Amino acid sequence: MDTTFTVEGPRVFFSIGPVTITETVIVTWIVMAIITITCIVLTRNMRVTNISKKQAIAEFLVETAEKFVRNNMGGGHRFDRMIPFVAALFSTSLISNLISLVGLRNPTADLSVEAAWAVVVFIMITAMKIKTNGLGGYLKGFTTPIVVMTPFNILSELATPVSMACRHFGNILSGIVIDGLIYWALGLANAALFGLIPGIVGKVLGELPILKIGLPAITGLYFDWFTGFMQAFIFCMLTVMYIYNASQAD
């Protein structure tokens, strides 16, 4: 019996010239297709009165996104243009985190995914700071409170997207590793326990994943459902907070 434990990276399916299509890319396309189809289904045949259950769900989701953005960005309608972006970011993150429940590898277990999200958010934060304080005011901010702090302020600025990406990636990957360790340990325990039974019965029972039934489902409630939801929520919360803070004049 193999007693080694490894965590594999995303598989490479094929290449188109210099572009490599990995498992992360394929599953990300699947996530986008799920979100697109869901939006189409929920918004078909919408009515003003006597609304359907699917329209009620769609309106609930939209209202939840509106409340989230408005309540965390100073109230009012100033940042309503952020609502579609935050809703898309949350749904993409959440489904990417939970898609492992159907046997697919989480795209968010690949740091490049969170890094891309963080770069987009960082650009939006920087653009908001420049819009609020002007280019001169934005650059001057790196010299406060004294000029000698400029290198540290630059590092602090660059740390924002790095910390956002690594936090999300680290929590999702750690869940995958822990789940894998649990399956691996239960497999060893299964073989050791039933291997004590002599003869063909012990050999057959030792090969069956009897101990893998039950406990992984319980741990999955935390590492898949709870952690997946919380990491999507935290990433979006940091996004709206950073952008809102960037909109405040220095």
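Everything that follows concerns the structure shown earlier in this document.
Just so it is clear, the model here is predicted, and its values are computed rather than measured.

Criteria and thresholds
Residues numbered from 1 in each chain as written. Predicted model: local features only at pLDDT ≥ 70, side-chain atom pairs only at ≥ 80, totals over all residues. Heavy atoms only, no water. Helix = DSSP H or I, 4+ residues; strand = E, 2+ residues; numbered from the N terminus. Buried < 20%, exposed > 50% of the residue type's maximum accessible area, 1.4 Å probe, protein only. Areas by Shrake-Rupley, 256 points an atom, 1.4 Å probe, with all protein chains shown as cover. Expected span 1.5 Å × (residues − 1). Arc of directions from axis to C-beta. Axes fitted to C-alpha atoms, helices over the stretch in contact; angles between N-to-C directions. Parallel < 35°, antiparallel > 145°, perpendicular 65-115°, else oblique. Left-handed = near helix turned anticlockwise from the far one by under 90°. Contact = heavy atoms within 4.5 Å. Nonpolar A, V, L, I, M, F, W, Y, C, P; charged D, E, K, R; others polar. Salt bridge = Lys/Arg side-chain N within 4 Å of Asp/Glu carboxyl O.

A.B. asks: I'd like to hear about the overall build of the protein, residue by residue, with values.
C.D. replies: Looking only at helices and strands, one finds seven helices and two strands in the protein. The proportion of buried residues among the 250 residues of the protein is 31%. Only carbon and sulfur atoms are counted for the fraction: they give 72% of the accessible area of the protein, which is about 14900 Å².

A.B. asks: Explain helix α2 (residues 53–72) to me, and be specific about the residues and the numbers.
C.D. replies: Over its 20 residues, α2 runs 29 Å from end to end, which matches the ideal 28 Å to within 8%, given 1.5 Å per residue. Within the sequence span of α2, burial applies to Q55, A58, A65, F68 and V69. On an axial view of α2, the arc spanned by its buried residues comes to 160°, and they lie on one face. For α2, the exposed residues lying more than 90 degrees away from the buried face are K53, F60, K67 and N71.

A.B. asks: Tell me about the packing of helix α3 (residues 83–98) against helix α4 (residues 111–140), and please be specific about residues and values.
C.D. replies: At a closest axis distance of 13 Å, the pairing of α3 and α4 adopts a crossing angle of 165°. The angle between α3 and α4 falls in the class roughly antiparallel. Where α3 crosses over α4, the handedness of that crossing is left-handed. In this structure, α3 uses F85, L89, T92 and S93 to contact α4, whose residues at the interface are W117, V120, V121 and M124. Class assignment for the residues of the contact of α3 with α4 results in six nonpolar, two polar and no charged.

A.B. asks: Please give an account of the pattern of salt bridges that cites residues and values.
C.D. replies: Where charged atoms from two side chains of opposite charge approach closely, those side chains can pair. Under the counting rule described, the total for this entry stands at three salt bridges. For R70, the salt bridge identified is with E66, shortest N-O distance 3.9 Å. On the criterion of helical spacing, the pair formed by R70 and E66 is a turn pair, its members being four residues apart in helix α2. What makes E66 partly exposed here is its relative accessible area of 25%. With its nearest N and O atoms 3.0 Å apart, the salt bridge here joins E157 to K129.

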